[in-house]
Amino acid sequence: MEFSDYLRDLADPATHLSVAGLQQLNDLNREQVETFRSAWPQIPAERRRQVVRRLIELAEDSVDLNFHAVFFVALGDEDAAVRCDAVRGFWEYERHDLIGPLLRLLETDEEPEVRAEAALSLGRFVLLREFGSLREQHFQQVELGLRRTIEDDLEEDEVRARALESIAAPGRPWVQEAILAA
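**Student:** Honestly, empty space enclosed by the protein in this entry has me stumped. Any pointers?
**Tutor:** By rolling a water-sized probe across the atoms, one finds the places where empty space is left. Taken as a whole and judged by the stated rule, the model has one cavity of 30 Å³ or more. Space inside the largest cavity adds up to approximately 40 Å³. Taken together, Ala 59, Leu 65, Asn 66, Phe 67, His 68, Phe 71, Gly 89, Trp 91 and Glu 92 form the lining of the largest cavity. Class assignment of the residues belonging to the lining of the largest cavity gives a composition of five nonpolar, three polar and one charged.

Next comes the structure, spelled out in structure tokens:
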């Protein structure tokens, strides 16, 4: 089945989300990503939620599956639940190209649940820096974004708490002060 044909089937809520079908979203090439990006908004929101959640389950069951391209597209979805689940889909992703999209969600998303999920997800990069696996320049972006969130008195408590939880590992003086203030 052609990829574009599969995407039409994927958009049909009456079509069963089979493992074999969803595996067509594994390790997409550049052309497939663009085709997917164009088709994704045409899929009903509930179906997009189902797809992302099912892909997370499949990826957790098999380390050979790579749905990151789908999750990157879903980070920009109009539906907050899809964006949240897309962030969760990156549970084991450690490349620094995710930092920018997560910071954008943390700083600009209208939904507190999405901002909180992005803050929590940024914590992996803090830990990667602690283990010497992330360059200082990338860590500084993460630290600055989390710090701005923590210090924003207008931000939701849940979002600020998740940001504080994520940056706590290094034990920097400003973090210890923020913990005491919380």
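**Student:** Hey, could you run me through the side chain of Arg 48 in this one?
**Tutor:** Tracing the backbone shows Arg 48 in helix H4 (residues 45-61). Reaching out from Arg 48, the side chain makes a polar contact with the side chain of Asp 77 at a distance of 2.7 Å. Residues in contact with Arg 48, not counting those within four places in the same chain, are Trp 40, Pro 41, Ile 43, Asp 77, Glu 78, Asp 79 and Val 82.

**Student:** Is there a simple way to explain the pattern of salt bridges in this structure?
**Tutor:** Where charged atoms from two side chains of opposite charge come close, those side chains can pair. Per the stated rule, a full pass over the model turns up 21 salt bridges. Here Arg 49 makes a salt bridge to Asp 79, at a shortest N to O gap of 2.7 Å. With a gap of 30 residues between them, Arg 49 in helix H4 and Asp 79 in the loop between helix H5 (68-74) and helix H6 (80-89) connect regions that are remote in the sequence. Look at Arg 49 and you get buried, because its relative accessible area is 19%. Residue classification places Asp 79 among the buried residues on the basis of a relative accessible area of 14%. With a closest N to O distance of 3.2 Å, Arg 88 and Glu 117 form a salt bridge. Of this pair, Arg 88 sits in helix H6 while Glu 117 sits in helix H8 (residues 112-130), and the two are 29 residues apart along the sequence. Exposure remark for Arg 88: the relative accessible area of 32% places this residue in the partly exposed category. If you follow the salt bridges from partner to partner, you end up with Arg 53, Asp 85, Arg 88, Glu 113 and Glu 117 in one network.

Rules used in this analysis
- Residues numbered from 1 in each chain as written.
- Predicted model: local features only at pLDDT ≥ 70, side-chain atom pairs only at ≥ 80, totals over all residues.
- Heavy atoms only, no water.
- 1 Å grid on protein atoms, 1.4 Å probe; cavity = no way out; pocket = protein on both sides within 12 Å on 5 of 7 lines; lining within 4 Å.
- Points joined across faces, edges and corners; volume = space filled by probe spheres on them.
- Nonpolar A, V, L, I, M, F, W, Y, C, P; charged D, E, K, R; others polar.
- Helix = DSSP H or I, 4+ residues; strand = E, 2+ residues; numbered from the N terminus.
- Polar contact = N/O pair within 3.5 Å; in protein donor to acceptor, adjacent residues only side chain to side chain.
- Contact = heavy atoms within 4.5 Å.
- Salt bridge = Lys/Arg side-chain N within 4 Å of Asp/Glu carboxyl O.
- Buried < 20%, exposed > 50% of the residue type's maximum accessible area, 1.4 Å probe, protein only.

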